[in-house]
Amino acid sequence: MSGDGLGRREMLGAAGVAACGLAALTACGSGGAQAQPSLKGKVLAKTADVPVGGGKLIEDLKVVVTQPEPGVFKAFSSLCTHKGCQVGTPKDNVIRCACHGSEFTADTGKATKGPATGSLPSFPVKVEGDGIVIVG
């Protein structure tokens, strides 16, 4: 597609970012996203469903949960910081975006391979019972 208008992917990416909520966007510059009010206290996944060195993609919430080392759980926006595509399920402590090949670390969400240069916004989580819950 040529011209100055936005393409379909850019529009979908922008809509996806908008869906994350204003709170998440305003926190991107400070290194962490704040959970939407509807996500606070919500069980994202069971600890047993998040493998060590891997993770679980929660597509409907646009969140990816990882366990980079035993007993350590992290949560990030699942929208790639390059064009807003949803990333895939983490494997080998890497979160990959199938759209353009960007890669992010499973422990910090930092971009390690472009074209994305920004880190995935993170969400503070804790374990309650056997569930992983967003707290912030």
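Below is a short write-up of the structure. (Residues numbered from 1 in each chain as written. Predicted model: local features only at pLDDT ≥ 70, side-chain atom pairs only at ≥ 80, totals over all residues. Heavy atoms only, no water.)

1. Let's talk about the overall build of the protein
Looking only at helices and strands, the protein has 2 helices and 10 strands in total. Secondary structure elements of the protein, listed N to C terminal, follow the sequence α-α-β-β-β-β-β-β-β-β-β-β. Buried residues in the protein amount to 40% of all 136 residues. Long-range contacts, defined as pairs at least 24 residues apart, comprise 45% of the intrachain contacts of the protein with a sequence gap of at least 6. (Helix = DSSP H or I, 4+ residues; strand = E, 2+ residues; numbered from the N terminus. Buried < 20%, exposed > 50% of the residue type's maximum accessible area, 1.4 Å probe, protein only. Contact = heavy atoms within 4.5 Å.)

2. Remarks on unusual backbone geometry
Here the bond from Gly-114 into Pro-115 is cis, since omega is 25°, no more than 30 degrees from zero. Inspection of the secondary structure assignment puts Pro-115 in the loop between β7 (111-113) and β8 (122-123). Phi at Lys-62 is positive, roughly 60°, even though this residue is not glycine. Inspection of the secondary structure assignment puts Lys-62 in the loop between β2 (55-58) and β3 (63-69). Lys-62 sits in the partly exposed class, given a relative accessible area of 27%.

3. A closer look at the environment of Gly-71
Of note, Gly-71 is situated in the loop between β3 and β4 (72-77). A sequence separation of 24 residues divides Gly-71 from Thr-47, and the C-alpha atoms of the two residues are 8.5 Å apart.

4. Focus: the sheet that holds β3
Spatial strand order, β2-β3-β4-β8: 4 strands in an open sheet with antiparallel pairing. The open sheet has two edge strands with one neighbour each: β2 and β8. Pairing between β2 and β3: 4 bridges, direction antiparallel. Each residue of the ladder has a partner; that of Ile-58, found in β3, is Val-63. (Pairing = 2+ DSSP bridges.)

5. Remarks on the pattern of salt bridges
In total, this model carries 3 salt bridges according to the counting rule given. Glu-103 is the salt-bridge partner of Arg-96, the closest N and O atoms lying 3.4 Å from each other. (Salt bridge = Lys/Arg side-chain N within 4 Å of Asp/Glu carboxyl O.)

6. Here's the deal with the state of the cysteines
For the coordinates displayed, the defined rule picks out 1 disulfide. A sulfur-sulfur separation of 2.3 Å characterises the disulfide bridge that pairs Cys-85 with Cys-99. Judged by the sign of its S-S torsion, about -105°, the bond between Cys-85 and Cys-99 is left-handed. Taken together, the residues Cys-85 in the loop between β4 and β5 (94-96) and Cys-99 in the loop between β5 and β6 (103-105) connect sequence positions 14 residues apart. Among the residues examined, Cys-99 registers a relative accessible area of 32% and is labelled partly exposed. Counting only cysteine sulfurs, Cys-97 is the nearest neighbor of Cys-80, a cysteine outside any disulfide, at a range of 3.9 Å. (Disulfide = S-S within 2.5 Å.)

7. Here we look at the side chain of Gln-67
As for its position among the elements, Gln-67 is in strand β3. Looking at Gln-67, the relative accessible area reads 7%, which means it is buried. In this structure the side chain of Gln-67 is engaged in a polar contact, spanning 2.9 Å, whose partner is the backbone nitrogen of Gly-71. Discounting residues that sit within four places of it in the chain, Gln-67 has contacts with Thr-47, Val-50, Pro-51, Val-52, Gly-53, Gly-54, Val-72, Phe-73 and Asn-93. (Polar contact = N/O pair within 3.5 Å; in protein donor to acceptor, adjacent residues only side chain to side chain.)

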